[in-house]
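The primary structure of each chain is shown beneath.
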Amino acid sequence: MLKRTIKKVAVLGSGVMGSRIACHFAGIGLQVLLLDIAPKELNDAEKAKNLSTDHPAVKNRIVNDALAGAIKSNPSPVYHKDVVKKISTGNFTDNMKDIATCDWIIEVVVERLDIKQSVFTEVEKYRKPGTLITSNTSGIPIHMMTEGRSEDFNRHFCGTHFFNPPRYLRLLEIIPTPLTDPAVVDFLMEYGDLVLGKTTVLCKDTPAFIANRVGVFGMMAIMNAMEKLKLGVDEIDALTGPIIGRPKSATFRTADVVGIDTLVKVARGVAENCPADEAKAVFSIPGWLEKMVASNWLGDKTGQGFFKKVKGAGGAKDIQTLNLTTMEYGARSKPKFATVEAAKPIDDLHTRLKALCAGQDKAGEFYRQFHYGLFAYISHRIPEISDELYRVDDAMMAGFGWEIGAFESWDVLGVTKTVAAMKAEGYTVAAWVDEMLAADISSFYKVEQGKRFCYDVASGAYKALPGGNAFIVMKHFENETIWKNSACRTYHLGDDVLGLEWYTKMGSIGGEVLEGIQQSIALAEDKYKGLVIANEGNNFSAGANVGMIFMLAIEQEYDEMEMAIRMFQNTMMRVRYSSIPVVVAPHGLALGGACEMSLHSDKVCAAAETYTGLVEVGIGVIPGGGGTKEFVLRASDEMHEDEPETITLKNRFLNIATAKVATSAHEGFGLGVYRKGQDEVVMNQGRRIADAKRSVLELYNSGYVMPVQRNDVKVLGKSALGALYAGIHGMVSADYATAHDAVCAKKLAYVMCGGDLSEPTFVSEQYLLDLEREAFLSLTGEKKTLERIQSVLKGGKPVRN
C-alpha cells in the first residue's frame with residue numbers, strides 16, 4: 001500500500017449517505033469532520049428561543065439533526081455507540097477552513113454538478129496539497145467535476161461510490177479520471193478493502209458505473225418480462241428473491257426501499273447517455289411506472305409504492321400490493337409455481353438454479369428469459385464498463401446482495417449450452433464470448449489448488465484473481481478434502497493448516513458437525529499445525545440443532561439427551577484443550593452453541609458483521625455447551641479486590657438471562673464473548689479465513705502448548721445466589737420477565753454461583769459443566785420450554801410464556 005496515513009476524514013454533506021459514511025469512518029476509529037450548509041431561516045423552535053441565524057445552534061442545525069437521525073436509525077450505522085464521540089460537526093460557512101486538518105475529503109452533497117463544483121471551489125481554498133479528495137456521486141461523470149481544478153486537486157481526485165447503508169452494503173466503487181494519480185487509485189483500492197472492509201471495485205467512468213448499470217438493467221428487464229408473461233408484483237418478488245440467491249426484498253420491495261424515483265432517474269440516465277447500448281430500449285420507462293412517479297408513489301419515502309401499509313381489521317397493520325393494470329392496491333397474494341415448489345428443497349444454490357431454469361411452467365420461462373437477457377447484456381458491457389469480468393460479479397454481489405455473480409451464474413447453467421439456447425431465442429452475445437468458446441474455453445472461472453482464476457478477455461487466457469492468499473474460500477479446496485461426512489468437510493488449506501466447514505441449514509450444530517470438529521482436531525494433532533473453523537454460508541451458525549432437542553424431549557429420551565449434551569460439552573472442551581491451536585472465524589449469526597465454540601477457541605477472527613451471544617434462555621434452557629461454565633470462569637478471572645465480587649458475576653448473568661446479542665463483533669467485546677488483546681475483528685469478511693489461518697501459524701510458531709484445565713474457578717455460593725434470586729423476583733414483578741423466564745434464570749443463577757455452597761469456593765471446570773448439564777436437562781422437561789422450541793421450529797420467535 002502507498003505510504004499514506006489517514007487519521008481524519010472530512011465528509012461534506014450530511015444527508016442520508018453523508019451522515020452514514022461519517023458513521024462508518026468513525027466506526028473504524030478515525031476522527032471525522034461532518035459539515036453541511038447553514039440554514040437561511042429559523043424554524044419555529046428557534047424563533048421561540050429568540051435565536052438568530054448566526055447562532056451556532058442554528059448554523060449547525062441541519063448537520064446535527066442529520067447525524068442524530070442517522071444514529072437513531074435502524075439498522076444502526078455504527079458498530080457501537082461510543083464511535084459517535086469521534087464525529088465533530090460544523091457548517092460550510094464557519095468550518096470549511098477546518099478541512100485543512102484532514103487527510104481525506106469526501107463530497108456527498110446533492111446530485112447537481114454546479115453545486116458540487118461550487119463546493120470544490122471552496123475546498124481548493126483550504127485543502128492542503130496531497131490530501132485525497134473524492135466524490136460519492138452515483139451518476140454524474142467523474143471527469144466533469146475536474147474542470148477548473150488545480151493540478152494537485154486533479155491528481156488526488158476520483159469517485160468513491162459507497163452504497164447505502166455503508167455499514168452493511170460492502171461495495172465501494174473506485175472511479176478514477178484520466179488525471180488521477182495511479183498511486184492514489186491503488187491506495188484507495190487497498191485501503192477500502194483492508195481498513196473499510198469493502199469489496200473495492202475499479203470502474204470506468206461510464207454512466208451508472210458498474211453495479212447500478214447492471215442492477216438497474218436487471219430490474220427493468222424483469223419489468224419487461226413481467227409484462228410479456230402477464231405476471232404480477234407479488235409473483236415477481238416470489239420468483240426473484242432468496243430462491244435465486246437474491247435478497248428477501250427481491251425486485252419491487254427493493255425498488256420501494258431505494259426509491260422509485262431513483263430507479264427511474266438511473267434508467268433514464270443510461271438511456272440518454274448510452275446511445276450505443278444495444279439494450280437501451282429496456283431502460284424505457286413503462287407507462288404505469290411514469291404514473292407512479294407522477295402520483296408521488298415513490299416507495300418507503302412517500303408511504304406507498306409497489307406496496308402500501310394500511311390498517312386492517314382491529315387496527316392491525318397490513319401490507320397491500322399495487323395492481324399494475326388497475327393501479328389500485330389490494331391484498332397480497334402468495335403465488336405458487338410448480339417449478340419453484342420443486343426447487344425449494346434443494347439447498348445448493350447452483351443445483352437449484354439449474355432446476356429453476358429447466359422448469360416447464362411460466363416460472364421456468366421467466367427464469368430463462370431473465371437470465372438470457374442478463375447474460376447477453378453483461379457480455380456486451382466488457383470492456384465498456386470494465387476490462388475484467390470478475391469486477392462485474394464482485395459489484396453485484398457486494399452492492400446488490402447477490403449470492404453469486406452474473407458471470408458465475410452463467411457458468412453454473414453452462415456457457416456453451418446456454419449460448420446455443422440464447423441464440424435460438426434471438427439473443428446475441430458479444431463476439432468475445434464466441435471467441436472464448438471457439439478456443440475450447442467453456443467457463444469464465446476455474447479453480448486450481450484452492451486458487452480462483454478468471455477468463456481475461458484481452459489476453460484470451462485465464463488470470464489469477466487479485467488478492468491471492470488473502471482471500472480463502474473453503475469450497476475452492478474441495479480437491480484437498482482430508483475427511484468428510486454428510487454435513488461437513490475438512491480441507492488442507494496449505495502450510496499444514498486444516499480448515500473445517502459445514503453446510504447445514506442456518507449452520508445448525510448437530511451430531512455430525514460435532515463429529516467433524518472432533519475428527520478435524522484429531523487429524524490436526526496427528527500431522528498438522530492447527531485448525532481453522534469457518535464456513536461460507538450466509539451465517540456461521542444460528543446455534544445447536546433445536547429440532548433434535550425437541551424430538552428427544554418430546555419422546556422423553558433423557559438418557560440420549562444427556563449423552564448429546566455431554567458430547568457437545570466435550571467437543572467444546574476439545575476446542576479449548578487440544579495440542580494444536582484452534583481459531584474460529586465467525587460471520588453473520590454466531591448464536592448459542594456457535595458462541596460457545598468461540599468462547600472455547602484459542603482465538604477468534606470475527607467478521608465485523610458478526611452477531612453473537614448466548615441466547616438459549618429465549619427457548620427456555622440455559623447455555624449447555626460450556627457457555628455458562630465459561631462465563632463463570634471469566635467472571636472469576638475478572639473479580640477484583642477493589643469492588644464487590646458479585647458485580648462482574650451479575651453482569652455476565654444478565655447477559656445470559658436476557659439473551660443479549662452483540663449487534664457487531666465490536667460489541668462482542670463489551671458483551672464478554674471476545675477477549676481484548678486476544679481476539680480480533682476483521683473488517684473485510686472475505687479476509688477472515690485467511691486471517692484465521694495466519695493466526696493459527698502465528699500461535700504454532702510461537703511455541704503453542706495445550707492449556708491445562710482449570711481447577712481454580714471461584715464461585716460465590718449462597719452469598720451471590722440470594723442477590724441474583726432477588727433480582728429475578730424484581731424483574732418478574734416489573735413484568736420484564738415471565739414466570740418461566742424466572743424458572744430459567746434461577747437455574748442459571750444456581751449454576752453460575754456454583755450451587756448453594758455455604759461460602760465462596762474454588763471449583764473445577766468439570767464441576768461447573770456437570771451443574772450446567774443437569775440444569776439444561778431439567779429445563780427440557782418443562783412444558784413451556786417445549787412450547788418455545790416448537791414456535792421456533794415453526795419459523796417464528798419463541799413464545800413469551
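A. Structural detail: the layout of surface pockets. Approximately 820 Å³ is the volume attributed to the second largest pocket. Residue lining of the second largest pocket: 30 residues in total, with Asp234, Asp237, Ala238, Lys248 and Arg332 positioned closest to the centre. The dominant element in the lining of the second largest pocket, judged by the number of residues it contributes, is helix α10 (residues 233-239), at four residues. Its residues assigned to classes, the lining of the second largest pocket shows ten nonpolar, seven polar and 13 charged.

B. Quick look at helix α28 (residues 688-701). With 14 residues, α28 should reach 20 Å at 1.5 Å per residue; the first-to-last C-alpha distance of 20 Å fits that figure. All of the buried residues along α28 are Arg688, Ile689, Ala690, Asp691, Ala692, Lys693, Ser695, Val696 and Leu697. Contact partners of the buried residues in α28: β17 (497-502), β18 (530-533), β19 (582-584), β21 (603-607) and β23 (680-682).

C. Structural context of the packing of aromatic side chains. Tallied over the full model, the rule gives 27 aromatic pairs. Geometrically, the ring pair formed by Trp297 and Tyr329 is tilted, given 5.6 Å between the ring centres and 55 degrees between the ring planes. Pair noted here: Trp297 is in the loop between α13 (287-294) and β9 (307-311) and Tyr329 is in strand β11 (residues 328-331), with a separation of 32 residues, a long-range link. Here the two residues Trp297 and Tyr329 agree in accessibility, since each one is buried. Taking 5.1 Å as the distance between ring centres and 55 degrees as the angle between the ring planes, the aromatic pair formed by Trp410 and Phe444 counts as tilted. On the criterion of sequence distance, the pair formed by Trp410 in helix α18 (residues 406-413) and Phe444 in the loop between α20 (431-438) and β12 (445-448) is long-range, its members being 34 residues apart. Classification of Trp410 by relative accessible area gives buried; the value is 0%. Owing to a relative accessible area of 0%, Phe444 belongs among the buried residues under this scheme. An aromatic cluster of at least three residues, connected via ring pairs, comprises Phe375, Phe407, Trp410, Trp432, Phe444, Tyr455 and Tyr462. Positioned above the aromatic ring of Phe153, the side-chain terminus of Arg149 is 5.7 Å from the ring centre. Sitting over the face of the ring of Tyr577, Arg576 holds its NZ or CZ atom 6.0 Å from the ring centroid.

Conventions adopted
- Residues numbered from 1 in each chain as written.
- Predicted model: local features only at pLDDT ≥ 70, side-chain atom pairs only at ≥ 80, totals over all residues.
- Heavy atoms only, no water.
- 1 Å grid on protein atoms, 1.4 Å probe; cavity = no way out; pocket = protein on both sides within 12 Å on 5 of 7 lines; lining within 4 Å.
- Points joined across faces, edges and corners; volume = space filled by probe spheres on them.
- Helix = DSSP H or I, 4+ residues; strand = E, 2+ residues; numbered from the N terminus.
- Nonpolar A, V, L, I, M, F, W, Y, C, P; charged D, E, K, R; others polar.
- Expected span 1.5 Å × (residues − 1).
- Buried < 20%, exposed > 50% of the residue type's maximum accessible area, 1.4 Å probe, protein only.
- Contact = heavy atoms within 4.5 Å.
- Phe/Tyr/Trp six-rings, centres within 6.5 Å; stacked < 30°, edge-to-face > 60°.
- Lys NZ or Arg CZ within 6 Å of the ring centre and 35° of its normal.

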